[in-house]
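Chains, contacts and geometry: an overview
Below are the chains, spelled out letter by letter.
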Amino acid sequence: MVGKDCVAIASDLRLGTQALGISSNFQRVPVSHFSRVCPSLTICQVFPITDRLYVGLPGLGTDVTTLYERFRYRVNMYTIKEEREIHPETFTHMVSSTLYEHRFGPYFIEPVVAGLSKLPTGGLKPFIAAMDLIGCINFAKDFVVAGTASSKLYGVAEGLWEPDLEPEDLFETISQTLLNAVDRDAFSGWGAVVHVITKDRVISRTLKARMD
Amino acid sequence: METSFALTGKGYVIVAADTTAARSIVKMKDDQDKIKELGSHLLMAYSGEPGDTIQFAEYVERNIRLYQIRNLYPLRPSAAASWIRRSLAESLRSRNAYTVNLLIGGYDLADHKPTLYWIDYLGTVVEVPFAAHGYGSYFALSLLDRWAIALTRGRPRRHTDILLRYHNPEATLEEGLATLKRCINEVSKRLIVSPDRYKVKVVDKDGVREVEL
């Protein structure tokens, strides 16, 4: 979700095989830019790419891990080669082309990207994008959703979101949107995590959610 | 039907798997060991398609051993789980994938922590406090979950009762084995095709060993 000079990205924490829940405790903490702990996965997991760029990978558990490892490798190679951090727009196209490389045997993931991109003037502009499983990008000005609860997320987000929200208001909006949507969806929930990216810090919070 | 459980406690991981080798409706064997000792502090319970399980388990076993011979130190549990996951994930998109589900229990000698990984045939890996595969998982997981529920709702009403009965990451080995017995009893009670014998192995700071229930 886009706010005023900030963006937010949120995800639930459930991993399950069909209706059977396997895990609900995912507190993966990134260590530093290069030596990140390899995360386990959930139906959707949000990963930091740079200090101002996050990606959420909802979909098939095995592909969440595979793709995260792939993106980590490609972003690290990019950072070393270019001697600068990757921009959200560039990263989105990297994700998109990675997915399209597997056009006829796709990874079952619908990524969501959120970050702050640098303007030539030196300022920062909120950036969000989502993709389908073969990499068709949807650039949005307001919000993007993905995963098993996407239809419910659209409904709540449509009702709650408004332009130019301050970080704390954006946090409340995205949290309420996510929690209320996953409570209507049998395959997601079991806790949630929210990251609000502002120009000088990232506010990361885990939310208590219904555990049924 | 095949069932395997694993749970962590204070400084140990218990891994249990049934010992039946069945083909169709016929029980061929009831003393098969389905838990491989991958190293001095690493256990792997495997289940799934009969041919695949042994083939894949031996492939993993030899490669983990090769790493230890080449580098003179073993893979840590997290690294081993990552490598095994990758093998399965690559196999998934091949012409004939391995249909193998795994539970990897290990004791990390570097940070002195017991770790347990749940891995399925798709290459999904997740670190968990307790895990199960097969039909038994439908009964065992909900039983073990009661501890987590007791924690989120504040102190359990009958503290000692729950402490002894359900999963507790701080439990002693005796308490952990008692919890495991509860899982096995629940499966025997409720599952039609329940296995009657299990092999139980423990890994802690002293290494892996088999225990009798």
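Everything here concerns the structure above.
Keep in mind that this is a model prediction, so the values were computed, not measured. (Residues numbered from 1 in each chain as written. Chains lettered and ligands numbered in written order. Predicted model: local features only at pLDDT ≥ 70, side-chain atom pairs only at ≥ 80, totals over all residues. Heavy atoms only, no water.)

**Comments concerning the interface of chain A and chain B**
- On the chain B side, the residues contacting the 22 residues of chain A number 19 residues.
- Surface buried jointly by chain A and chain B totals about 1,500 Å² across both partners, of which 59% is contributed by carbon and sulfur atoms.
- Three residues, L20, I22 and T62 of chain A, lead the burial of chain A against chain B; their summed loss comes to 33% of the area buried on that side.
- Where chain A packs against chain B, one counts three salt bridges.
- Across the pair R86 of chain B and E69 of chain A runs a salt bridge whose closest N-O atoms are separated by 2.5 Å.
- Along the contact surface separating chain A from chain B lie seven residue pairs in polar contact (both at pLDDT 80 or more).
- No other element matches the six residues that helix 1 (residues 61–82) of chain A contributes to the side of chain A that touches chain B.
- Its residues assigned to classes, the side of chain A that touches chain B shows 10 nonpolar, 10 polar and two charged. (Contact = heavy atoms within 4.5 Å. Buried area = accessible area lost by both parts, 1.4 Å probe. Salt bridge = Lys/Arg side-chain N within 4 Å of Asp/Glu carboxyl O. Polar contact = N/O pair within 3.5 Å; in protein donor to acceptor, adjacent residues only side chain to side chain. Helix = DSSP H or I, 4+ residues; strand = E, 2+ residues; numbered from the N terminus. Nonpolar A, V, L, I, M, F, W, Y, C, P; charged D, E, K, R; others polar.)

**Quick word on the packing of aromatic side chains**
- Scanning the entire structure with this criterion turns up nine aromatic pairs over all chains.
- Ring centres 5.0 Å apart and planes at 55 degrees place the aromatic pair F56 of chain B and Y98 of chain B in the tilted group. Here Y98 of chain B lies in the loop between helix 2 (77–92) and strand 7 (100–108) and F56 of chain B lies in helix 1 (residues 50–71), a separation of 42 residues in the sequence.
- Among the residues examined, Y98 of chain B registers a relative accessible area of 24% and is labelled partly exposed.
- Members of the aromatic cluster, each reached through a chain of ring pairs, are F56, Y59, W83 and Y98 of chain B.
- Across from the ring centre of W190 of chain A, 5.9 Å away, lies the NZ or CZ of R14 of chain A, which sits over that ring.
- The cationic tip of R205 of chain A hangs over the ring face of F171 of chain A; the distance from NZ or CZ to the ring centre is 4.4 Å. (Phe/Tyr/Trp six-rings, centres within 6.5 Å; stacked < 30°, edge-to-face > 60°. Buried < 20%, exposed > 50% of the residue type's maximum accessible area, 1.4 Å probe, protein only. Lys NZ or Arg CZ within 6 Å of the ring centre and 35° of its normal.)

**Re the pattern of salt bridges**
- Under the criterion given, the structure shown has 25 salt bridges over all chains.
- The partner of D200 of chain A in a salt bridge is K199 of chain A, with the nearest N and O atoms 3.9 Å apart. Across the pair, exposure class does not vary: D200 of chain A and K199 of chain A are exposed alike.
- We note a salt bridge from K205 of chain B to D206 of chain B, for which the minimum N-O separation is 3.9 Å. Accessibility classification places K205 of chain B together with D206 of chain B in one group, the exposed group.
- In the salt-bridge network here, residues are joined through shared partners; they are E69 of chain A together with R85, R86 and E90 of chain B.

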